[in-house]
Amino acid sequence: MNPPTNSPSPNGPGASAEVQPHLALYWSLVLATACLYIAALITAVFSWTMPIFSFTGEYFTFGPGLLLGALVHFVLSIKSVEADKVAGLFFYGKALHKAEPGPHFVPLGLMQLRKESRAFQEFQFPGDPEKVFHGDDKVDLPEGMVRPIRVVTRSPKDTEKEHLDVQMTLVVNFVVQFRVVNIFDFVANIGTLKEAERQMRDAGETTLAEAITIRTAGQVVTGLSDINSLLEDAIQKRIEGWGVEMISARMVAPDITHDVSIALANIPIARAQAEKTVIDARATRAKLTEEGQGAADAREALLTGEAKGLEAQKKLLGLANGETVLAAQVAQAVVGNEKTILIGGESGMKDVMAIVKGAEAALKPKAVAPGDGK
């Protein structure tokens, strides 16, 4: 049988040939162990009374000791695989046989049992939110904390005018979910969950940096689905041959800083206030227009009524024109609405008549000399 190979496959980064179990070697070791047990039993029977040494006057015989040793070895060779584990038997690193949940015979000194959790694993990079240190990089990292992943977006073009079409530094994080399905490939090609976590982070950070640096901050937010597809493809290629099944790889919505978030949250409020201002201005303009039109209509009605009244007065008094009537109106405006007017002597009467005559002369249409008009 050809030995397994762990060399990278041309299928992609991190890919390797599947590790094949050596079932023939497994059964050979089991048979050899069984033969040793049988040999120990036969030897114990024929040497049951053979003394080995004495201790405080008592002799210990070879047969019972050999039988006890074989029994202890058998008991210690019984191993169990829990229901939430994926396991396999190895001969000092060589894959032998997959071990399903339940008891298994693993000859002590000849085989080793390796187990990993078959439950879904979830890694959040760079770490859980409460373990991410957001302080200055000049400050020493507190114990148990990790640095955030920071990526700079590109600067906007002249045609990009949205609120987030700007260049800024984003704090990003992503989550990968997977589970171990093949213990032999996992042990041969990646080894431990910690090493798997490290390599997934490297692949994820590289992919996100390449995807984000060609986008503005706004395009990162709107293109989150496309970025997640790139992230998932990159990690899927990296874990090929690891013996794991990836469930998902997703970037969490980027952190665009607290101040920017507040400003964006206030945009709808500002827009609503602006719209309300426009509506109020339109309402005020409409109100003033209606009030002006109403005042104009009222003024027109008043003047029309006054004209009709003057026309009626002219007819009633038998006047040839309306200038005399208008002069009387002017005189009334000058002296007021007093019913009794005191006039001092002849000069006072002349003054009143002068007012009336002057108003009448001012209201008469002027004669236009020939050639002066248009």
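**Notes on the packing of helix H1 (residues 23-46) against helix H2 (residues 62-76)**
Between H1 and H2, the least distance of the axes is 8 Å, while the angle of their chain directions is 155°. By the angle between their axes, H1 is roughly antiparallel relative to H2. By crossing handedness, the relation of H1 to H2 is classed as left-handed. Across the interface between the two elements, Thr-33, Tyr-37, Ala-40, Leu-41, Thr-43 and Ala-44 of H1 pack against Phe-62, Gly-63, Leu-66, Leu-67, Ala-70, His-73 and Phe-74 of H2. For the contact of H1 with H2, the per-class residue count stands at nine nonpolar, four polar and no charged.

**Notes on the sheet that holds strand S7 (residues 112-117)**
Taken in spatial order, the three strands make up an open sheet running S5-S4-S7, and their pairing is antiparallel. Whereas interior strands pair on both sides, the edge strands pair on one side only; in this sheet they are strand S5 (94-99) and S7. On average, each strand axis in the sheet is inclined to that of its neighbour by 30°, with strand direction left out of account. Pairing between strand S4 (residues 85-91) and S5: five bridges, direction antiparallel. Paired with Ala-87 across the bridge in S5 is Ala-99. This element, H1, spans S4 and S5 of the sheet and lies at about 80° to S5.

**Looking at helix H6 (residues 224-238)**
With 15 residues, H6 ought to run about 21 Å at 1.5 Å a step, and its terminal C-alpha atoms sit 21 Å apart, in line with that. Those residues of H6 that fall on the buried side of the exposure criterion are Ile-227, Asn-228, Leu-231 and Ile-235. Within H6, the buried residues cover an arc of 100° as seen down the axis, which keeps them to one side.

**Let's talk about the nonpolar core**
Phe-174, Val-176, Ile-212, Ile-235 and Met-251 are the most contacted members of the largest nonpolar core, which has 36 residues in total. Per-element accounting of this core gives the leading share, six residues, to helix H4 (residues 193-212). Excluding anything up to four places from it in sequence, Ile-212 contacts Val-151, Val-152, Thr-153, Arg-154, Leu-170, Val-172, Val-220, Ile-227 and Met-251. Formed by seven residues, the second largest nonpolar core is a distinct cluster that contains Leu-29, Val-30, Leu-89 and Met-111.

**Notes on the side chain of Thr-207**
As for its placement among the helices and strands, Thr-207 is situated in helix H4. A distance of 2.8 Å separates a polar side-chain atom of Thr-207 from the backbone oxygen of Ala-203. With residues up to four places along the chain from it excluded, the contact list for Thr-207 reads Leu-230, Leu-231 and Ala-234.

**Describing H1**
The end-to-end C-alpha separation of H1 is 35 Å, in line with the 34 Å expected for 24 residues at 1.5 Å each. Among all positions of H1, only Tyr-26, Leu-29, Val-30, Thr-33, Ala-40 and Ala-44 are buried.

**Description of the environment of Lys-237**
Along the polypeptide, Lys-237 turns up in helix H6. Lys-237 sits in the partly exposed class, given a relative accessible area of 46%. Sequence separation between Lys-237 and Ala-203 is 34 residues; the distance between their C-alpha atoms is 9.4 Å.

**Digging into the confidence of the model for the protein chain**
Mean pLDDT for the protein chain: 78, with 68% of residues reaching 70 or above. Within the protein chain, S4 carries the highest mean pLDDT (96), whereas helix H9 (residues 345-363) carries the lowest (57). Here residues 1-15 is a poorly scored stretch, pLDDT under 50, and it has 31 contacts once near neighbours within four places are set aside; other chains count. Segment residues 263-267 is flagged for pLDDT under 50; beyond a separation of four residues in sequence, or across chains, it makes four contacts in the model.

**Digging into the environment of Val-175**
Turning to its location among the elements, Val-175 is positioned in strand S11 (residues 174-180). Val-175 gets classed as buried once you look at its relative accessible area, which sits at 16%. Residues Val-175 and Ala-249, spaced 74 residues apart in sequence, show a C-alpha to C-alpha distance of 5.7 Å. Excluding residues that lie within four positions of it along the chain, Val-175 makes contacts with Glu-122, Phe-123, Gln-124, Ser-248, Ala-249, Arg-250 and Val-252.

**Quick look at the sheet that holds S11**
The strand order across the open sheet formed by three strands is S8-S11-S12, and the pairing between neighbours is antiparallel. Both outer strands of the open sheet, strand S8 (121-125) and strand S12 (244-251), are each paired with one neighbouring strand and no more. Direction aside, neighbouring strands of the sheet carry axes that sit 15° apart on average. Sheet topology note: the S11/S12 ladder contains seven bridges and is antiparallel. Within the sheet, the bridge partner assigned to Phe-174 lies in S12 and is Met-251. Of the strands in this sheet, S8, S11 and S12 touch H4, which is tilted by about 140° from S11. With respect to the sheet, H6 is in contact with S11 and S12, its orientation differing from that of S12 by roughly 150°.

So, how was this worked out
Residues numbered from 1 in each chain as written. Predicted model: local features only at pLDDT ≥ 70, side-chain atom pairs only at ≥ 80, totals over all residues. Heavy atoms only, no water. Axes fitted to C-alpha atoms, helices over the stretch in contact; angles between N-to-C directions. Helix = DSSP H or I, 4+ residues; strand = E, 2+ residues; numbered from the N terminus. Parallel < 35°, antiparallel > 145°, perpendicular 65-115°, else oblique. Left-handed = near helix turned anticlockwise from the far one by under 90°. Contact = heavy atoms within 4.5 Å. Nonpolar A, V, L, I, M, F, W, Y, C, P; charged D, E, K, R; others polar. Pairing = 2+ DSSP bridges. Expected span 1.5 Å × (residues − 1). Buried < 20%, exposed > 50% of the residue type's maximum accessible area, 1.4 Å probe, protein only. Arc of directions from axis to C-beta. Core = buried A, V, L, I, M, F, W, Y, C linked by side-chain atoms within 4.5 Å. Polar contact = N/O pair within 3.5 Å; in protein donor to acceptor, adjacent residues only side chain to side chain. pLDDT = per-residue confidence, 0-100.

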